[in-house]
Every structure is written in C-alpha cells, then in structure tokens.
Amino acid sequence: MRTSGVRAQPSSPWRPQLPETLGYALKRVLLGRPLVTEQLRQQRLSNRVALGVLSPDAISSSAYGPEQVLVELLPYAGLAAFTLLLPITGVILVILVLVAASYRQVLEVYTRAGGSYVVARDNFGPKVAQVAAAALLIDYVVTVAVQTAAGTVAVVSALPALGRFSLEITVGVVVVLCLVNLRGLREAGRPFALPTYFFVAMVGAVIVVGVLRQVTVGLPRYDPTTLPGAVPVHHMSGFVMGATLLVLLRAFANGGSSLTGVEAISNTVSVFREPRGANARKVLLAMAGTLGFLVAGVSYLAFATHSTPYTAGYPSVLSQEARAVFGQGLLGTVLFALVQGSSALILYTGANTSFNGFPFLASFVATDRFLPRQLTKRGHRLVFSNGILTLAVLAVLLLVLTGGTVTALVPFYAIGVFSGFAMAGFGMTRHHQRTRETGWRRRLAINLAAGVLSTVVVLIFAIAKFTEGAWLVVIVFPLLVWLLIRLNREYRLESAVLDRVRRFGASAPQYNRHLVLLFINSVDLAVLEAVRYGRSLRPDELRAVHVMVDAAHATALRTRWEQVGIGLPLEIIDCPDRRLARSVGEFVLGAVEEGSARGGTAVTVLLPRRSYAPVLGRLLHDRSADRIAAVVSRIPHAAATIIPFDVQSQIRQTFPHLAEEWPTEVVERFRDRLLATADAAVTAHNAPVPEPGATAISRLAPGRQVTLEGRLHDLIEHGRGPHRVLIGTLVDTTGSATLVFTAPDALDPPLQTGQLLRARGLVSKAGRGTSPRLMNPAYEVLETPPLEEDEEDEEEAEEEAEEDDDG
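Every value quoted in this text rests on a predicted model; they were computed, and no experiment measured them.

A few words now on the overall build of the protein. Looking only at helices and strands, one finds 27 helices and 12 strands in the protein. Sorting the 807 residues of the protein into buried and exposed places 48% on the buried side. Considering only residue pairs separated by 6 or more positions, the protein has 77% of its internal contacts joining residues 24 or more positions apart. Surface accessibility of the protein: about 38,700 Å² in total, with carbon and sulfur atoms responsible for 60%.

In structure tokens, the structure reads:
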C-alpha cells in the first residue's frame, strides 16, 4: 500500500495539543495555513507563457535604459546628446546579439540548470564560480531596487502629486512583494505573463505610431533648455566642447542597464516543457528580439522628440514620448494612461522575478556549501523564506541609501549584470575548447567575444562610474567572493573533522563511572526539576554545586537547601574574581582529571534555567547558563545540559486568578482569535463547497451517520507494527473533521494529501476543543492532485520492482 504525504508520528494520537504562540498566530494571519512538503508543485510553462513570465526584467529595462544614456550626455553634449544616443544604442544592441548568442549555446549544453553560476562551476571549478555567484546575488538585489524605483517613476509620471512620496511607495512595493512571496506566490501562469504582453503592446504602439507620424507629418519636439526641472543641458557646441571620451563611456555604461535580465531564461530552464533546451532557446531569441526592438524604438523616439529626463526622475522619457505621439486629446490621454500603467505593471513584475531567482540561487550556492545552510530550508509556505527576507532587507536598505532614484541605482547595476555575462561567456569558451565538437571554433569565437565585451563594460563601469557609487560595488564584490570562499572553508574543515571521527570510529567511549554535577544558585522549582532529571540519568554519583560570589548568599542557600530536604549534599566552591564560567570550567576539568585516574569518568553538567515570556525572560536572567555550557563543551569527556523550566506557566496553573495574569489571558484570547480567523479564511478560500446531500462539517453532531465531502489536508501516522493508526484532516468551507483509520495497510485506494474525498461514517464524541472524528469511515476519492515527475518516476520504479518480484 502506497500512501503519499504521510508523516510518521509515533506518539499517541490522543495526546493533548500544545498551545500555539502569538507569533505563530500572526504568521498564520499574514501567510496563511502552512503547507506540507507533498504539496510542493512546479508548473511547466508553454513558450508563450514562459516568454511573458521570465522576460519582464529584461523587456522592462527598455523603459529606463535609453533615458539613463541621456542623463549622462545632456549636461556635457547639449542637444547633440540626442544624436549620440543612436550610435550608443547601436553598440548596446551589438552586445545584446553577442550575449544572446552566448546564452543560446548555454541552453544547448545545460538543458536543466544553466546560468553563469553553473557554467562557471562546471568549467572553472567551484571557487571561480563564486565570482558568478556574487555577481548574480548583487544583480538580484539591485534589480529589485531599480525595477521598483522605475515602476514608481511610471506611476508618478502619470500622477505627479505622488512624486514626493516616491521612496515610500517604492519601499512599500518591496514589502508587499516580500509578503506575497512569503505566502507562496508562484511566478507561473497566465496572470503573470499578461503585464509583459500588455507593456510590449502599448510601447510597441507608441513606437509604430511614432515612427509613422515622424515620417509623414512629423512629431512635436520638446525644448530641453526651457523645461523646468529637466537635467542641465550644455549650451555650447556639444560635439566639440562636451562629448569627451569619458562622458561617452559613462553614457554607454548607463545604457548597459538596458540588457539586464537577459540571463533569466538560462537560470530557469527547468520550468519549460519538453524539450526544455529547444523551447528555452526559442523563448530566449524572442525575448532578445523584443528587447532590441523596444530599446531601438524608444531611443529613436527620444531622438525625434527630444524627450528629456528630469532631475527628480519624473516624468520619464517614455512618458514624454507617449504624450508626443498620442497627443493631449481624450483618446491620447487614455492611451498615455495605459502606457504608464503597463510600464508600472511590468517593472513591478520584473522586480518580482528576483524574489524567485535570488532564493533559488542562494539555496543552490548554499547546497554547494558557500552560503549558510539556513538558505536551503523551505519555510511556512514551502518557499525559501530566509532568502526572500534577506533579499527584501538588502533591497530596502539600498533604496534608502540611494534615495530610491533610478539614476543613483544604475551604477550598482551593470557591474553585477555584466560580470555574470562575462563568466558565462568565458565558461562556454572553456567548454568548447575542451569538447571541440563540430563547429566549436565559431562557437568559441562568439562566447569569447561576449565574455571580452562584457568584461570591458564592467571595467568601464568601475572606472567611469567609480565616484557615483560604483566604488561600493567594486569593494563589496571582491569581499563577497572572499566571504563565500571563506564560508566554504569553514564547512570543509567541519566535514574533514567529521570524516576523521568517522574514520577512527564513532562508537560510544567506555567509561567506568558517570558523574553528574548540578550547578545551582537558588532553591526553586527549576532546581527541583533538574534534580529529578539528574537522578533519572542513574549516575554513579550526583553532586550539587554552588559557585560562591557572595558569602552571605551562599550561607542562606545552604540553610534553605537543608530545610527543603532534597537528600543531596551541597558543595560550595569559591569564586573570588566572579568569573563564573571559568570557575565552573576549572572545577569540571578537575573532576575529569580525577576520573581519569580512576579509569575514566564521563561528566555531565546540569544547568537549571528559569524561562519566562521572551521579553520578561531577557530582563530576569542573564544567560549565564549559555556561557557556562560553552566553556564545558571545550572540555574532553564532559557535556553540559541546560534544563529549562517554564516558571510562568507553573505560576498560572497554581494561581490562576491572580490579577497580574489578566494581560497574559488577553494576549492568549487575541492569539486564539487570530488562529480562528486564519483557519476560517484559509478554509473558505481553499476548501470545496459541500455538495447537496453532504453534511457541512460545522453541523456535525456525535452519534449521527453522515456523508462528508472535503479536501484531505494532512495525513499523520502514529505507532508501529500492528498498532499503527493513520489520521487525516478533512476540510470543507465550514470547518475540519478528523478521519481515523486503524488498519492503514488495508486502505484501497491509497490516500494522499490534496485528494478530494467523500467519506461516510459515524461521528464519534470528541473532546473539548477538538474537531469531530469519524472512525474507519468508508470513502471515495473524487479527485487526486497530479503527481510530480519524480513521484511518477518513483511509482514506475515501484511497479517495475513488483513485476520483477512476480516474475
């Protein structure tokens, strides 16, 4: 019998439920019901949907890339900046062609997981690959900041009154994106593809109509010198006086931001339908072609209309082009609003791509042991919560430091982007040099050219934009690479120690005696619990010890100890310098040495800890037990155990009517109400509506024969052998009921989480505060969720094994 989604739980199914914390209740309200691992699904995308879902980061950069070129040129080249914009755009498009060709070859070789990190790791080794990892991590952080900032520019260009709240709006958008991704927002499906196609359609209309008007009747032209709030415009001969080589390089570096996001498809090959590599290459070419068309069109219309960037960041160049093309009439105003709306949508959607890419990349790098292991863990809603939170915090910090303006953020952008391009290009160059397949020389030349040009762009950015913020990336980038390698060194050393222990055997050492030392500072419930625990260890000797820093307190403690009558002598050691941890360590070390003379003694140190509510606990104890445990852990043949004891719960149980306990009761009632609200909201949203003839779970009464219809949310297996019990939770729009099966092996068809069931049985009497229960109900599976590919492979393997056994 194969039961999917069952979690083993050996304890009794009738055990009391532990109370939830207020923090968990708040998490349930904000994030929803926790998901189990079996609910992890991945949607395969068609090419059309994939183009819309994976390319908003790249395609949306056409909304601000050409504008950033003009920001650098106008103060030095004057009106000639609009003419210089065209050749600079041409060079950028050439680089786009080379980079796209390079990544197309990446997709030919790496049909499951690509991207510059995997390419560099496979061709240069894991250490060199950390250059690509650092570049991509920086790129993802800056992408969130730039995309949200540019999206806000689109909003305030249409609604200038919101301009003074630009930073607040941008930070708010990042927080919202963080929250919805923590809830498990998946970047797959038609809804997330629509903003991309909407933007392409609207900006494409601006370009087509604009070009037609320009070649027929001509477009209106702005005068940058008379626009209040526009960037400064050089008034002398721009070509001769202002357009120096450094200015041109800075303008080109700014324009390189138009190519961000080109690598997104190579990082997510696994979401494509089969054949993955071929489909991903088609989508990459479509994305590159669309991006090139939009960048060229926006640049040409800027040249034709002299649309000018503003020092405040709004109105944007694209919004001015839309005004010039569509005019001021009613239809033109509607179309202008649609252009701005599409720009904001795709820019914010482009920011959301990083919330998918960064956590997965961080998890991938952490799996290779170059980042902390915490980044590999899935959270409450089966997403990499730690990666999402890290990305949001870093993006908000970057926005606050730069004021949330796109111009200030661009210097941070292209270094990470083009470093990734360079690593992919050089990695594929190395690959073709090693494999020497048919046509390898042509492919090697394409990748080498892409790598060299990308490296040149990085150097241009580092030099030309050094004083405008690139210095920070120039410093942070190598530090991040060093940190990644340093973390890996720590993990490797830890692994080497583990291998050494395994090599010499991990069997338990043989000791002649077991000594338990109980360190106390008072006589209370926590100490009594520690004494009970110490005796349960059945040691050869149990000793109570007090480290004396106050003679009067030590005398009173001994008196109280004898009055309580614990039946254990109390030993007092002097600590004149008040270094508790060191005194305990020396005492334990002496006990170990004394035990060694007797043939070996294992020493266990027990440290009672009184625990309170989190805030109150920090005020009432000084964490000295942690410091003592850290010292004892360094002593061979000794181990420290902290025995926590919840003082507050004991006080409440003994004196439930104390007046000072009412705030806690209020908080707990608030917690319970939050949990009930969260359960009701999730149930109403996800659970099926009971069909006619089925009984609503909320109306169940003990002793009635009922028919239920609902979704199976959880399966837990208790006990072992003949005492195994399978417990499931069935949910409809009105509540939840518990299904108990005392013969799990006889279930046919097998159960799995996510199934839609119709269950018939007798409602048992449930305890207070527990859900209604049906014992061994008859059931019918109405709907089964689709299996993942690996689950399908597992089932096929099981069927083949069964066939082999039959044979």
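Having seen it, we continue.
Their axes nearest at 8 Å, the elements helix α7 (residues 126–158) and helix α17 (residues 406–435) cross at an angle of 145°. Of the two possible hands of crossing, α7 and α17 adopt the one that is left-handed.

The biggest cluster of nonpolar side chains holds 139 residues, and the ones touching the most others in it are Tyr 117, Leu 259, Val 262, Ile 265, Phe 355 and Phe 418. With 18 residues, α7 is the largest single contributor of residues to this core. With residues up to four places along the chain from it excluded, the contact list for Phe 418 reads Ile 95, Gly 256, Leu 259, Ser 454, Val 457 and Val 458. In terms of nonpolar packing, the next biggest core, distinct from the first, is built from 22 residues, Leu 515, Leu 517, Phe 519 and Cys 575 among them.

On to helix α20 (residues 525–536), then. Relative to the 16 Å expected for 12 residues at 1.5 Å per residue, α20 spans 17 Å between its end C-alpha atoms, a close match to the ideal helical length. Those residues of α20 lying buried are Ala 526, Val 527, Ala 530, Val 531 and Gly 534. For α20, the buried positions fall inside an angular range of 140° around the axis, keeping them on one side. Put simply, Asp 524 is the residue that caps the front of α20, since its side-chain oxygen is 3.2 Å from the backbone nitrogen of Ala 526. Just past α20, the residue Arg 538 takes up positive phi, approximately 55°.

Attention shifts here to unusual backbone geometry. Going from Asp 748 to Pro 749, the amide bond is cis rather than trans, its omega being 0°. Tracing the backbone through its elements, the reader meets Pro 749 in the loop between β9 (735–741) and β10 (756–764). Located in the positive-phi region is Arg 538, a residue other than glycine, with phi close to 55°. Within the fold, Arg 538 resides in the loop between α20 and β3 (541–548).

Turning to helix α16 (residues 385–402), a few remarks are in order. Counted at 1.5 Å a residue, the expected span for α16 with its 18 residues is 26 Å, and the 26 Å between its end C-alpha atoms agrees. Of all the residues in α16, the buried ones are Ser 385, Gly 387, Ile 388, Leu 391, Ala 392, Ala 395, Leu 398, Leu 399 and Thr 402. End-on, the buried residues of α16 take up no more than an arc of 165°, which puts them together on one face. Opposite the buried face of α16, at more than 90 degrees from it, the exposed residues are Val 393 and Leu 401.

One can describe the packing of helix α8 (residues 166–182) onto α16 by two numbers: an axis separation of 10 Å at closest approach and a directional angle of 175°. By the angle class used here, α8 and α16 are roughly antiparallel. Together, Leu 167, Thr 170, Val 171, Val 174, Cys 178, Asn 181 and Leu 182 of α8 and Ser 385, Ile 388, Leu 389, Ala 392, Ala 395, Val 396 and Leu 399 of α16 make up the contact between the two elements.

This part is about the packing of aromatic side chains. Given two aromatic rings, one states the distance between the centres and the angle between the planes to describe the pair. The full count for this structure, using the stated rule, is 6 aromatic pairs. Summarising the aromatic geometry, the rings of Phe 418 and Phe 421 are spaced 5.2 Å apart at their centres and angled 80° between planes, so their arrangement reads as edge-to-face. Linking Phe 418 with Phe 421, this pair stays in helix α17, spanning 3 residues, or about one helical turn. Judged by its relative accessible area of 1%, Phe 418 falls in the buried class.

In this structure, Tyr 779 sits in strand β12 (residues 778–783). By relative accessible area, which is 15% here, Tyr 779 ends up buried. In contact with Tyr 779, not counting residues within four places along its chain, are Phe 741, Leu 747, Asp 748, Pro 749, Pro 750, Leu 751, Leu 757, Arg 758 and Ala 759. A polar atom in the side chain of Tyr 779 sits 3.4 Å from the backbone nitrogen of Asp 748. There is a polar contact of 2.3 Å between the side chain of Tyr 779 and the backbone oxygen of Pro 749.

On the surface, Phe 466, Trp 471, Leu 472, Val 474, Ile 475, Val 476 and Leu 479 cluster together to form a nonpolar patch covering roughly 570 Å² of accessible area. For Val 476, a relative accessible area of 36% corresponds to the partly exposed category.

With respect to the secondary-structure elements, Asn 279 resides in helix α13 (residues 276–305). Each residue touching Asn 279, except ones within four places of it in the same chain, is listed here: Asn 47, Phe 272, Arg 273 and Glu 274.

This next bit is on the confidence of the model for the protein. For the protein, per-residue confidence averages 78 on the pLDDT scale, and 79% of positions sit at 70 or higher. In this model residues 1–16 is a low-confidence stretch, pLDDT under 50, and it forms 44 contacts with partners more than four residues away in sequence or in other chains. This stretch, residues 787–807, has a pLDDT under 50; its non-local contacts, to residues over four places away or in other chains, come to 13 contacts.

With that settled, the discussion passes to the pattern of salt bridges. Any two side chains of opposite charge can pair if their charged atoms end up close together. Scanning the model with the defined rule gives 19 salt bridges in all. Residue Glu 108 pairs with Arg 104 through a salt bridge whose shortest N-O separation is 3.1 Å. One end of the pair is Glu 108 and the other is Arg 104, both in helix α5 (residues 80–109) and 4 residues apart, which spans about a single turn. The exposure class of Glu 108 is partly exposed, given its relative accessible area of 28%. Assessed through its relative accessible area of 32%, Arg 104 is described here as partly exposed.

Rules used throughout
- Residues numbered from 1 in each chain as written.
- Predicted model: local features only at pLDDT ≥ 70, side-chain atom pairs only at ≥ 80, totals over all residues.
- Heavy atoms only, no water.
- Helix = DSSP H or I, 4+ residues; strand = E, 2+ residues; numbered from the N terminus.
- Buried < 20%, exposed > 50% of the residue type's maximum accessible area, 1.4 Å probe, protein only.
- Contact = heavy atoms within 4.5 Å.
- Areas by Shrake-Rupley, 256 points an atom, 1.4 Å probe, with all protein chains shown as cover.
- Axes fitted to C-alpha atoms, helices over the stretch in contact; angles between N-to-C directions.
- Left-handed = near helix turned anticlockwise from the far one by under 90°.
- Core = buried A, V, L, I, M, F, W, Y, C linked by side-chain atoms within 4.5 Å.
- Expected span 1.5 Å × (residues − 1).
- Arc of directions from axis to C-beta.
- Polar contact = N/O pair within 3.5 Å; in protein donor to acceptor, adjacent residues only side chain to side chain.
- Parallel < 35°, antiparallel > 145°, perpendicular 65-115°, else oblique.
- Phe/Tyr/Trp six-rings, centres within 6.5 Å; stacked < 30°, edge-to-face > 60°.
- Patch = residues over 30% accessible without salt bridge, like charges linked within 9 Å, V, L, I, M, F, W, Y side chains within 5 Å.
- Salt bridge = Lys/Arg side-chain N within 4 Å of Asp/Glu carboxyl O.
- pLDDT = per-residue confidence, 0-100.

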